[in-house]
Amino acid sequence: MKRLVAALVLALTLSNALAMSVMAHRGQEIRVLLDGYPVELDVAPIIQDGRAMVPFRAIAQALGVAIGWDGSKQVVTGETGTNSVWMQIDNPVAYRNGEPFSLDAPPLIMSGRTLIPIGFFSEAFGCTVDWDGEQGLVTIVSPSNQMTVIGFYALEDKAMSGWGNLFGRGFPQIDVGNTDIVSELAAGWYSIDVIGNLRTRSSTGWERPQGWETVLAAADLFDIGTEMVVHEVNADRLLDELLVDRLAVANMVAQITAEASKHYKGVNLHLVGLGAYSTLEQVQETQRSFTQMVSSLATSLHSNGLNLTLTLHPPNSVYRGYDYKTLGQIADRIIIMAYDYGPRPEPTNRIVQAVEQALKHLAPEKLVLGISLASENPSSILDKVDIAKRYQLQGIALWRLGLASDAMWQALRTATR
């Protein structure tokens, strides 16, 4: 995964003017936003020798940065994949990647918390910072970092063409279009029936279009990876019946593996509607049967050199038939469908809740944030990307190609690189 280089910084000392602005607001509470979201600090920032000091551990934990504390030497350390920082209480010399730097104000301990001078960290971790003196607000943007961006190519029609939205021209003509943003294609062209047969035509609109081979060839031309999406809804309890039928599951696993081995780099299993409005016992049984099926499919795919992605309802939805902890161990990654909550744009507090609940069970590099383009606008989509960045997720998944406006693409182009 191309991990986000997390920032620990509130760079109020990037210039003398900025430091003076902070000093002018000694009596004002200093608030901090990181990538658009408030940073909760257990100790309020202070001004020491004209420099802003902030609690190190609280910020580091919020960002998921590896930290260390040597009590005997009173040394704090912070580390990402590319940078390391060493600082000592009352020591005016700090180290970044082993190189010494002089500090205007050394770290100190107050109310049992270590406070650090944040100007040094701004340079060490490459953040950009804006100071709003009137509001006492520090806005921090972490370094740009290219994310995995998965585009669902599904429900094809002339009015909302996935092809034109991706390649910028009418089928089968090809241009760069927005291929610089999308790194993977989820080809939503398959469904299944109750006995596990793989279908390319369905009543829900998941159909493999004419010229589908051209789509795969064009994706390959732009080095865009492809996975076949197998989608089905639990209408009339179709999935409930399928999952408890061992022969049907074996048939499904065999057919999916055979098709994926011919044309794709992996499979995206997208079975929706499990565990809604069920008793606890029913939910547990659904989770067990779904997990067993996923385990069988993963074993088959992995033995053929193919990956398995799961696209799942979020933990805070009514669909509780998904055991995130076990599924996160089996699958290569999970796309969390953190949308369809009702309001538009989708409420960020519900999305944050869903992500945090999922991250209790799997590592952030295995989680992809699903974004419903139909629910968002060019401004609100940036809020969703910021959530993925802040929690250091593998990336985002766009449901779906054909629904993104030019303004949305431009916002994504800036935010995901």
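Procedures and definitions
- Residues numbered from 1 in each chain as written.
- Predicted model: local features only at pLDDT ≥ 70, side-chain atom pairs only at ≥ 80, totals over all residues.
- Heavy atoms only, no water.
- Pairing = 2+ DSSP bridges.
- Helix = DSSP H or I, 4+ residues; strand = E, 2+ residues; numbered from the N terminus.
- Axes fitted to C-alpha atoms, helices over the stretch in contact; angles between N-to-C directions.
- Parallel < 35°, antiparallel > 145°, perpendicular 65-115°, else oblique.
- Left-handed = near helix turned anticlockwise from the far one by under 90°.
- Contact = heavy atoms within 4.5 Å.
- Nonpolar A, V, L, I, M, F, W, Y, C, P; charged D, E, K, R; others polar.
- Phe/Tyr/Trp six-rings, centres within 6.5 Å; stacked < 30°, edge-to-face > 60°.
- Buried < 20%, exposed > 50% of the residue type's maximum accessible area, 1.4 Å probe, protein only.
- Core = buried A, V, L, I, M, F, W, Y, C linked by side-chain atoms within 4.5 Å.
- Salt bridge = Lys/Arg side-chain N within 4 Å of Asp/Glu carboxyl O.

### Things to note about the sheet that holds strand β5 (residues 66–70)
Right, on to step 1. Sheet architecture is open: five strands sit in the order β5-β6-β7-β8-β9, paired in antiparallel fashion. Looking along the sheet, the strands with just one partner apiece sit at the ends: β5 and β9 (99–102). Going across the sheet, the axis of each strand differs from the next one's by a mean of 20°, ignoring polarity.
Right, on to step 2. In this structure, strand β8 (residues 93–96) lies alongside β9, joined through four bridges in antiparallel fashion. Its bridge partner being in β9, Y95 is matched across the sheet by P100.

### A short note on the packing of helix α10 (residues 348–358) against helix α11 (residues 380–390)
Right, on to step 1. α11 packs onto α10 with a crossing angle of 25° between their chain directions and a minimal axis gap of 11 Å. Taken together, the axis directions place α10 and α11 in an arrangement best described as roughly parallel. You can see that α10 and α11 cross each other, and the crossing is right-handed. From α10, T348, I351, V352 and V355 reach across to α11, where they touch D383, K384 and I387.
Right, on to step 2. Considered class by class, the residues forming the contact of α10 with α11 number four nonpolar, one polar and two charged.

### Let's talk about the packing of aromatic side chains
Right, on to step 1. This structure, assessed with the given rule, holds nine aromatic pairs.
Right, on to step 2. Ring centres of Y153 and W189 lie 5.8 Å apart, and the angle between their planes is 90°; on these two criteria the pair is classed as edge-to-face. Linking Y153 in strand β14 (residues 148–154) with W189 in strand β15 (residues 184–192), this pair joins segments that are 36 residues apart in sequence. With respect to class, Y153 is no different from W189; both count as buried.
Right, on to step 3. The structure contains a cluster of three or more aromatic residues connected by ring pairs, namely W163, F167, F171 and F222.

### Quick word on the nonpolar core
Right, on to step 1. Counting residues in hydrophobic clusters, the biggest one holds 81 residues, and the most contacted among them are L269, F290, L369 and I396.
Right, on to step 2. Among residues more than four places away in sequence, those in contact with I396 are M147, T148, V149, I150, V368, L369, I371, V385, A388, L412 and T416.
Right, on to step 3. Core analysis: the second largest hydrophobic core is formed by 23 residues, I30, L34, I59 and L103 among them.

### Focus: the environment of L327
Right, on to step 1. Within the secondary structure, L327 sits in helix α9 (residues 324–330).
Right, on to step 2. We classify L327 as buried; its relative accessible area is 0%.
Right, on to step 3. Taking the C-alpha atoms as reference, L327 lies 8.4 Å from L310; in sequence the two are 17 residues apart.
Right, on to step 4. When near neighbours in sequence (up to four residues on either side) are disregarded, L327 contacts F290, T291, V294, L310, L312, Y322 and I334.

### Observations regarding helix α12 (residues 406–415)
Right, on to step 1. Of the positions making up α12, those classed as buried are M408, W409, A411, L412, R413 and A415.
Right, on to step 2. Each element contacted by the buried residues of α12 is listed here: α4 (162–167), α11 and β22 (395–399).

### A word on the packing of α11 against α12
Right, on to step 1. Packing of α11 against α12 brings their axes to within 10 Å, and their N-to-C directions diverge by 25°. With respect to their mutual orientation, α11 and α12 come out roughly parallel. Considering how the two elements wind past one another, α11 and α12 form a crossing that is right-handed. Contacts between α11 and α12 involve I381, L382, V385 and K389 on the former and, on the latter, A411, L412 and A415.

### So, the pattern of salt bridges
Right, on to step 1. This structure, assessed with the given rule, holds nine salt bridges.
Right, on to step 2. In this structure, R413 and D180 form a salt bridge, with 2.7 Å as the shortest nitrogen-oxygen distance. Highlighted residues: R413 in helix α12 and D180 in the loop between α4 and β15, separated in sequence by 233 residues.
Right, on to step 3. Assessed through its relative accessible area of 25%, D180 is described here as partly exposed.
Right, on to step 4. D240 is paired through a salt bridge with R237; the nearest N and O atoms lie 3.1 Å apart.
Right, on to step 5. Classification of D240 as buried rests on a relative accessible area of 17%.
Right, on to step 6. Three or more residues joined by partner-sharing salt bridges are found here, namely E184, E227 and R333.

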